[in-house]
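# Reading the structure
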Amino acid sequence: MTATAELPVQQDAVAAKPQSRFRKKLTSSRSAFFGGILVLFFVVVALLAPILPIADPIATDWLAVRKPPTSAHPFGTDEIGRDMLSRMIWGARASLLAGVISVAIAVLLGVPFGVLAGYCRGWTDTVISRFTEALLAAPFLILAIALAAFMGPSLRNVMIAIGLSAMPLFIRIARGQTMAVMTEDYIESARAIGIGHGAMVWRYILPNIFPPILIQATLTIATAIIAEASLSFLGLGQQPPAPSWGSMLNTAKNFLEQAPWMALYPGASIFLVVLGFNLLGDGLRDALDPREI
Amino acid sequence: MLTFLGRRFLIAIPTIILISIFVFGMQKLLPGDPVLAMAGEERDPEVIAFLREKYHLNDPIAVQYFSWISNALRGDLGISLRTNQPVLELIGQKLPVTIQLATMALVIALFIGIPAGVLSAYKKGTWVDWLANIIALSGLSIPNFWLGIMLILLVSVNLGWLPASGYRPLTEDFWLSIKTMLMPAFVLGTGLAATLMRHTRSAMLGVLRSDYVRTARAKGMSEATVLVNHALRNAMVPIVTVTTLLFGELLAGAVLTEQIFTIPGFGKLVVDAVFNRDYAVVQGIVLCTGVAFIFMNILADAAYRVLNPRMRDK
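These numbers were taken from a predicted model, which means no experiment stands behind them. For every chain, the first residue of the written sequence is number 1, and numbering continues from 1 along that sequence. Chains carry letters from A onward and ligands carry numbers from 1 onward, assigned in written order. This being a predicted model, a pLDDT of at least 70 is required before a residue's local features are given, and a value of 80 or more before pairs of side-chain atoms are given or counted; all residues contribute to the totals for chains, interfaces and linings. Side-chain metrics rest on all non-hydrogen atoms present in the structure, leaving aside hydrogens and water.

Summing up its helical and strand segments, chain A has 10 helices and zero strands in all. A run of DSSP states H or I qualifies as a helix once it reaches four residues; a run of E qualifies as a strand once it reaches two. Both are numbered from the N-terminal end. In chain A, the succession of α and β elements from N to C terminus is α-α-α-α-α-α-α-α-α-α. For the C-alpha atoms alone, the extent of chain A along its principal axes is close to 85 × 45 × 35 Å. Only protein chains enter the area calculation, which uses a 1.4 Å probe; residues under 20% of their type maximum are buried, those over 50% are exposed, and those in between are partly exposed. Counting across all 293 residues of chain A, residues that qualify as buried make up 49%.

Next up, the structure:
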């Protein structure tokens, strides 16, 4: 009798457990903490760029060409006397924007296709899966380079190219997760009470496939930032004089002996922001993944 | 195994057809009329008409695709606009350089990644594990083109130990070739080493918890024997599969590495083709890498079955 009376309480406790366990794990995860701090720092700096008391990132000063770091220019100047600190801060906007927008494109296009394939199965799944496999067959960066080359060099086209190249990853994850969710009892119950397809996807499938997509999105932002920097390094991304870390490195490689600081700071920034997203992604995965490895 | 391979090849055919459609479709993304660009400044209507006829541009798009794919199947991927060489010949010339770079990078990655992963799993929860994880994550986060630039600055410019750029074929001067390729291979190998380390660690953690490892320890075997002969041998199954799948990363990484170290390989060919608007070469490269990647996936599946007898029985 006592056991029967306690059962609802136990069920509530079990139902509440995963969320509180996630919060507890995430807040106690050192990697998520350090990753979060790094990402937050770069996001705040990028957002505050217009109001920070820094020099114009495209203003040249021919009397201060390739000057090493001083109090006037804490990160030195570049080959035409532009302030490196200012260009670094404005470059953060380009990198973060490219990372977030391209992943948003990949998620917004990939998740609906993935859910459709996993939910409908049959020929819909076959067509979408073959399409995904074909896209996944070309290496990510080579596909992005080819797309960016065909669309023409610009930051916007690079974001589209990276987004399209990353899309199949999200189709695959959303499809797999939807198929897993479809076997759950609550889907069966929802069907039994006559819930429509749209409501089923919106209320039952999407909320349950969200965690792995969030983890993958965080990790893909890191990959997208490197991809944007790589494409800008090759001259396919942000066009001069607008600053971007990748294009700054491209110029810096010609002045390695005379001005090594030109290469040091943009590269270190890419490394730190990517490390931040990777740490955050790892922390999220550890907190959301019940398997402990 | 033959049935398995036959089935996998059959499944790959629609995927390859889809890749060819993407690659062909890329050309259609081009802004403007390619014939106008080819016809020069005078834009003589007769020349334009001749070019349209020559490249079958007056045909419906489906006919254009079938003409292009039937040529591709015969090994004719078009002619490079810049060098006037057949695209396939050009790829064949550059590929050995990239294969040397990729092989050296893979060897470096295996020598760093596997021992680091084994040690990290064996010392789970200690400072060794923590340090190995931090290094691996840093390896994954560091842009390889920046690492290349920094190494040129340190090793070539400041220390003068290794050449900063260039390439010497293995057949001409073996040791100089290795010496020239060492730094680029290290740059390309670090990211892969990090990936391998994480997979090795994960596979080893699974194996180290298994009963047969406990039995081996109970029988009084030395830790080295348990680790190498029992644990690592079984953990190798996923590691070999992952290594095969790293092909795509190697090729993509080679694009930037070859650019920094001025190595005349496959990667540099892509970038040069992009900047010279040599679209036949870009299309040829994407098609070849796509098809090669599918075959590497089949190889990875086959390796998995060979190494794992339980899969063979199914």
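Another aspect to go through is the domain arrangement of chain B. All names here are of chain B. Here the limits of each domain have been adopted from an automatic or database domain assignment. Split by domain assignment, chain B resolves into domain 1 (2-73) and domain 2 (87-311). Computed from C-alpha atoms alone, the centre-to-centre distance between domain 1 and domain 2 is 34 Å. We define buried area as the total accessible area lost by two parts upon association, computed with a 1.4 Å probe and summed across both. Both faces combined, the contact of domain 1 with domain 2 buries some 1,300 Å², and carbon together with sulfur accounts for 81% of it. The working definition used for a salt bridge is a side-chain nitrogen of Lys or Arg within 4 Å of a carboxyl oxygen of Asp or Glu. Our enumeration of links across domain 1 and domain 2 arrives at zero salt bridges. Whenever a nitrogen or oxygen atom comes within 3.5 Å of another N or O atom, the pair is scored as a polar contact, on the condition that within protein one atom can donate a hydrogen and the other can accept it, and that pairs from neighbouring residues in sequence are kept only if both atoms are in side chains. Between domain 1 and domain 2 we count one residue pair in polar contact (both at pLDDT 80 or more) in total. Only helix H1 (2-29) and helix H4 (61-73) provide two or more residues apiece to the side of domain 1 that touches domain 2. Only Asp, Glu, Lys and Arg are considered charged in this grouping, and only Ala, Val, Leu, Ile, Met, Phe, Trp, Tyr, Cys and Pro are considered nonpolar; every other residue, Gly among them, is considered polar. Taken together, the residues of the side of domain 1 that touches domain 2 sort by class into 12 nonpolar, three polar and one charged.

Packing of helix H10 (residues 261-288) of chain A against helix H6 (residues 127-141) of chain B brings their axes to within 9 Å, and their N-to-C directions diverge by 125°. Judged by the angle between their axes, H10 of chain A and H6 of chain B are oblique. The handedness of the crossing between H10 of chain A and H6 of chain B comes out as right-handed. For the pair formed by H10 of chain A and H6 of chain B, the contact residues are Phe271, Val274, Leu275, Asn278, Leu279 and Asp282 of chain A on the first element and Leu137, Ser138, Leu140 and Ser141 of chain B on the second. Across the contact of H10 of chain A with H6 of chain B, the residue classes break down as six nonpolar, three polar and one charged. Here an axis means a line fitted to C-alpha atoms, over the contact stretch when the element is a helix, while the angle between two N-to-C directions is reported on a 0 to 180 degree scale. To sort the angles, those under 35 degrees are grouped as roughly parallel, those over 145 as roughly antiparallel, those from 65 to 115 as roughly perpendicular, and the leftovers as oblique. Each helix crossing is assigned a hand: it is left-handed if the near helix lies turned anticlockwise from the far helix by less than a right angle, otherwise right-handed if that turn is clockwise. For this analysis, residues touch if any pair of their heavy atoms sits within 4.5 Å.

Bringing the side chain of Ser269 of chain A into the picture now. Take Ser269 of chain A: it is sitting in helix H10. What Ser269 of chain A contacts, discounting residues up to four positions off in sequence, is Phe42, Met88 and Trp245 of chain A.

Contacts between chain B and chain A engage 49 residues on the former and 44 residues on the latter. The junction of chain B with chain A conceals about 4,000 Å² of combined surface from both sides, 81% of it contributed by carbon and sulfur atoms. It is Ser141, Phe145 and Trp146 of chain B in chain B that bury the most area against chain A; as a group they hold 14% of the surface buried on that side. Counting every contact that joins chain B to chain A gives one salt bridge. Where chain B packs against chain A, one counts four residue pairs in polar contact (both at pLDDT 80 or more). Of all the secondary structure elements, the ones that give two or more residues to the side of chain B that touches chain A are H1, H6, helix H7 (144-158), helix H8 (174-208), helix H11 (247-260), helix H12 (266-275) and helix H13 (279-307) of chain B. Ranked by residues supplied to the side of chain B that touches chain A, first place goes to H1 of chain B with nine residues. When its residues are assigned to classes, the side of chain B that touches chain A shows 35 nonpolar, 10 polar and four charged.

Among the buried residues, those of types Ala, Val, Leu, Ile, Met, Phe, Trp, Tyr and Cys that are joined through side-chain atoms within 4.5 Å form a nonpolar core. In this structure, Ile145 and Ile205 of chain A are the most contacted members of the largest nonpolar core, which totals 160 residues. When residues of this core are assigned to domains, at least three map to each of domain 1 (2-73) and domain 2 (87-311) of chain B. Setting aside residues no more than four positions away along its own chain, Ile205 of chain A makes contact with Val115, Tyr119, Thr178, Val181, Met182, Ile187 and Met200 of chain A.

This next bit is on unusual backbone geometry. One can expect most non-glycine residues to show negative phi and most peptide bonds to be in trans. Residue and element names in this part refer to chain A. Of note, the bond from Pro240 into Pro241 is cis; its omega dihedral lies within 30 degrees of zero at 5°. Considering the arrangement of structural elements, one finds Pro241 in the loop between helix H8 (197-233) and helix H9 (245-252). Phi is positive for Arg121, close to 55°, though the residue is something other than glycine. Looking at the element boundaries, Arg121 is found in the loop between helix H3 (84-120) and helix H4 (122-137). Given the relative accessible area of 42%, Arg121 is considered partly exposed.

The next thing to look at is the packing of aromatic side chains. All names here are of chain B. By convention, a stacked pair of Phe, Tyr or Trp rings (six-membered ring in the case of Trp) has centres within 6.5 Å and planes under 30 degrees apart, an edge-to-face pair has planes over 60 apart, and any other such pair is tilted. Inspection of every chain in the model, using the stated rule, returns 12 aromatic pairs over all chains. With a centroid separation of 6.3 Å and 40° between ring planes, the pair formed by Tyr65 and Trp68 is classed as tilted. Pair noted here: Tyr65 and Trp68 are both in helix H4, with a separation of three residues, about one helical turn. Both residues of the pair, Tyr65 and Trp68, belong to the buried class. Through pairs of rings, three or more aromatic residues link up here, namely Phe24, Tyr65, Phe66 and Trp68.

Further remarks concern the pattern of salt bridges. Residues and elements named next belong to chain A. Taken as a whole, this structure holds 13 salt bridges over all chains when the rule is applied. A salt bridge links Arg82 to Glu79; the nearest nitrogen and oxygen atoms lie 3.7 Å apart. Connected through salt bridges with shared partners, the residues Asp78, Glu79, Arg82 and Arg87 form a single ionic network.

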